[in-house]
Amino acid sequence: STPAMEAKPSATGARKAVKVSWSAPMFADYGITSYRVRVYTRASGGRPLKSLTVSASALRRTVTKLKARKKYWITVTPVASALVGTESVRVKVKTK
């Protein structure tokens, strides 16, 4: 993986949901085909609670069916036809 293939996510809490948005990687000419949005229940380690695939043209996704008033950690990973980018740092967010 290469640092140029890293997305920078931000997240805001909603009612039993999390709104995630991110910027495209610095060098988007890798031919990004999709993004992988993952939801974790801890700051490090563990398996993702949810893993969603989002089309390359979308730079946002609302993750629903989460528990109210709970903390989650979100990552976004760009995926290209030839390689998978670096999973972003985990961003902490709390649902409403």
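These numbers were taken from a predicted model, which means no experiment stands behind them.

Moving on: unusual backbone geometry. In most cases, non-glycine residues show a negative phi, while peptide bonds are predominantly trans. We note that Lys-65 has phi near 60°; this positive angle belongs to a residue other than glycine. For Lys-65, the location among the structural elements is in the loop between strand S5 (60-63) and strand S6 (71-80). The backbone of Arg-69 sits at a positive phi, close to 50°, despite the residue not being glycine. As for its placement among the helices and strands, Arg-69 is situated in the loop between S5 and S6. Of the residues examined, Arg-69 reaches a relative accessible area of 64% and is grouped as exposed.

So, on to the packing of aromatic side chains. Within this structure, the stated rule accounts for 1 aromatic pair. Cation over ring: Lys-70 sits above Tyr-72, and NZ or CZ is 5.6 Å from the ring centre. Looking at Arg-90, its charged tip hangs above the ring of Tyr-40, at a distance of 3.4 Å from the centre.

Generally speaking, nonpolar side chains in soluble globular proteins are found buried as a group. Residues Ala-11, Val-18, Val-20, Trp-22, Val-37, Ile-74 and Val-76 are the most contacted members of the largest nonpolar core, which totals 19 residues. Taken together, the elements giving at least two residues each to this core come down to strand S2 (17-23), strand S3 (32-40), S6 and strand S7 (91-94). Other than its neighbours up to four places away in sequence, Ile-74 contacts Ala-11, Val-18, Val-20, Val-37, Arg-38, Val-39, Ser-88, Val-89, Arg-90, Val-91 and Val-93.

Glancing now at the pattern of salt bridges. Enumeration over the complete set of coordinates arrives at 1 salt bridge. Between Glu-87 and Arg-38 there is a salt bridge, with its nearest N and O atoms 3.7 Å apart. On the criterion of sequence distance, the pair formed by Glu-87 in the loop between S6 and S7 and Arg-38 in strand S3 is long-range, its members being 49 residues apart. Given the relative accessible area of 31%, Glu-87 is considered partly exposed.

Rules and cut-offs
- Residues numbered from 1 in each chain as written.
- Predicted model: local features only at pLDDT ≥ 70, side-chain atom pairs only at ≥ 80, totals over all residues.
- Heavy atoms only, no water.
- Helix = DSSP H or I, 4+ residues; strand = E, 2+ residues; numbered from the N terminus.
- Buried < 20%, exposed > 50% of the residue type's maximum accessible area, 1.4 Å probe, protein only.
- Phe/Tyr/Trp six-rings, centres within 6.5 Å; stacked < 30°, edge-to-face > 60°.
- Lys NZ or Arg CZ within 6 Å of the ring centre and 35° of its normal.
- Core = buried A, V, L, I, M, F, W, Y, C linked by side-chain atoms within 4.5 Å.
- Contact = heavy atoms within 4.5 Å.
- Salt bridge = Lys/Arg side-chain N within 4 Å of Asp/Glu carboxyl O.

Scope: geometric values only; no functional claims are made or implied.
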